[in-house]
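# Summary of the model geometry
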Amino acid sequence: MKVALIYMSRHGTTEKIIKHIAEQLTGEVQIFNLADEKYPDIRNFSNIIIGGSIHYGSIQTEIRHFCKRNMHELLERRIGLFVCCLLSTRDSDQFERAFPLVLKAHSKASAVFEGDLIYNKLNAIERLIFNPSKEEQDVIAINESAIKAFVSAFLNENAVASTPYIPLKS
Ligand SMILES: Cc1cc2nc3c(=O)[nH]c(=O)nc-3n(C[C@H](O)[C@H](O)[C@H](O)COP(=O)(O)O)c2cc1C
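Fair warning: this is a prediction, and the values are worked out from it, not measured in the lab. (Residues numbered from 1 in each chain as written. Predicted model: local features only at pLDDT ≥ 70, side-chain atom pairs only at ≥ 80, totals over all residues. Heavy atoms only, no water.)

## Quick notes on the pairing of strand β6 (residues 109–114)
For β6, the buried fraction is high: six of the six residues fall into the buried class. Judged by which residues are buried, β6 turns out to be covered on both faces: A109, A111 and F113 on one side and S110, V112 and E114 on the other are all buried. Bridging between strand β5 (residues 78–85) and β6 involves six bridges; their strand directions are parallel. From the neighbouring strand, L81 faces β6, where its bridge partner is S110. (Buried < 20%, exposed > 50% of the residue type's maximum accessible area, 1.4 Å probe, protein only. Helix = DSSP H or I, 4+ residues; strand = E, 2+ residues; numbered from the N terminus. Pairing = 2+ DSSP bridges.)

Okay, structure coming up:
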């Protein structure tokens, strides 16, 4: 099984999630960070997982462009989609807006994984906006069971539509 994992991450949480996903998969798994490689060649991959994080309500532009540019190929492949963000009542909205409708309808698995605010990585303006408490912020708790559930839905041959959203932390 050849799987391409395509992602964008600003402060590293989505990258950690991608690495956990990679550990759950067997076969040939290749990770593409769109920050380093804008135009990954996906022709040889029949399975593709795409993930990005939410900042100011939106997923990274590079993820949007990647989906748009490759839509035809993506619709011929097994697809998993996820976003990483702060959990709130807007979670499902943020996911809904992150990916094109047709791609969401086609995907075998989807998830909203909970991210974090990493104090040391915020710039001065971001610290003012979010006002995080230093002590509370610097731990990223990855919920492996949520990632396993996402991967298992992705691999499920019988899955015909997206699963409901899966929080990263239980
Ligand atoms: C400047 C900034 C803006 C953010 N905006 C949002 C937002 O609009 N909605 C949300 O749910 N989370 C928001 N977050 C939280 C991020 O989604 C969270 O920190 C996530 O873990 C980032 O993942 P990454 O490190 O892979 O980029 C924001 C974080 C930062 C630093």
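Still to come is the rest of the account.
## Topic: the pattern of salt bridges
Overall, the coordinates contain four salt bridges when judged by the stated rule. Residues K2 and E28 are paired through a salt bridge, measuring 3.7 Å at the closest nitrogen-oxygen approach. Pair noted here: K2 is in strand β1 (residues 2–7) and E28 is in strand β2 (residues 28–33), with a separation of 26 residues, a long-range link. Note on K2: relative accessible area 28%, which makes it partly exposed. (Salt bridge = Lys/Arg side-chain N within 4 Å of Asp/Glu carboxyl O.)

## Some thoughts on the layout of surface pockets
Counted as a void, the largest pocket has a volume near 410 Å³. A breakdown of the residues in the lining of the largest pocket according to their chemical character gives nine nonpolar, ten polar and four charged. (1 Å grid on protein atoms, 1.4 Å probe; cavity = no way out; pocket = protein on both sides within 12 Å on 5 of 7 lines; lining within 4 Å. Points joined across faces, edges and corners; volume = space filled by probe spheres on them. Nonpolar A, V, L, I, M, F, W, Y, C, P; charged D, E, K, R; others polar.)

## Thoughts on the environment of V29
Relative to the helices and strands, V29 is located in strand β2. On a C-alpha basis, the gap between V29 and L5 in space is 7.3 Å, while along the polypeptide they are 24 residues apart. When sequence neighbours within four positions are dropped, the list of residues in contact with V29 reads V3, L5 and A22. (Contact = heavy atoms within 4.5 Å.)

## A closer look at the nonpolar core
The nonpolar side chains of a soluble globular protein tend to be buried with one another. I48, I50, L74 and F99 are the most contacted members of the largest nonpolar core, which has 25 residues in total. Taken together, the elements giving at least two residues each to this core come down to β1, β3 (47–55), α2 (61–69), α3 (71–74), β5 and α4 (91–98). For this core, the element with the highest residue contribution is β5, accounting for four residues. Leave out the neighbours within four places in its chain, and I50 touches I6, I63, F66, C67, L74, G80, L81, F82, F99 and L103. Within the second largest apolar cluster, 20 residues are counted, among which are L5, I21, A109 and F113. (Core = buried A, V, L, I, M, F, W, Y, C linked by side-chain atoms within 4.5 Å.)

## Considering the site of the ligand
Around the ligand, the structure places 21 residues, and the nearest of them are S9, T14, S53, I54 and D116. Residue S53 places a side-chain N or O atom 2.6 Å away from an oxygen atom belonging to the ligand. Contact between the ligand and D116: an oxygen atom at 2.3 Å from a main-chain N or O atom of the residue. Relative to its unbound accessible area of 640 Å², the ligand is 97% covered by the protein chains. Structurally, the ligand is housed in the largest pocket. The set of elements that each furnish at least two residues to the shell around the ligand consists of α1 (13–24), β3, β5 and α6 (124–130). Looking at the shell around the ligand, its residues break down into eight nonpolar, ten polar and three charged. (Near = heavy atom within 4 Å. Polar contact = N/O pair within 3.5 Å; in protein donor to acceptor, adjacent residues only side chain to side chain. Areas by Shrake-Rupley, 256 points an atom, 1.4 Å probe, with all protein chains shown as cover. Sits in = over half its atoms within 2 Å of the grid points.)

## Some words on the confidence of the model for the chain
Per-residue confidence for the chain averages 86 on the pLDDT scale, and 83% of its residues sit at or above 70. Within the chain, the lowest mean pLDDT, 55, falls on helix α7 (residues 134–137), and the highest, 98, falls on α2. (pLDDT = per-residue confidence, 0-100.)

## Thoughts on the packing of aromatic side chains
By the definition in use, this model includes five aromatic pairs. Ring plane angle 80 degrees and centroid distance 5.9 Å describe the contact between F82 and F150, whose orientation is recorded as edge-to-face. With F82 in strand β5 and F150 in helix α8 (residues 144–155), the pair connects residues that are 68 residues apart, well separated along the chain. With a relative accessible area of 0%, F82 lands in the buried category. Feature note: the residues F82, F113 and F150 constitute an aromatic cluster, connected by ring pairs. Its end group placed over the ring of F45, K2 keeps NZ or CZ at 5.2 Å from the ring centre. (Phe/Tyr/Trp six-rings, centres within 6.5 Å; stacked < 30°, edge-to-face > 60°. Lys NZ or Arg CZ within 6 Å of the ring centre and 35° of its normal.)

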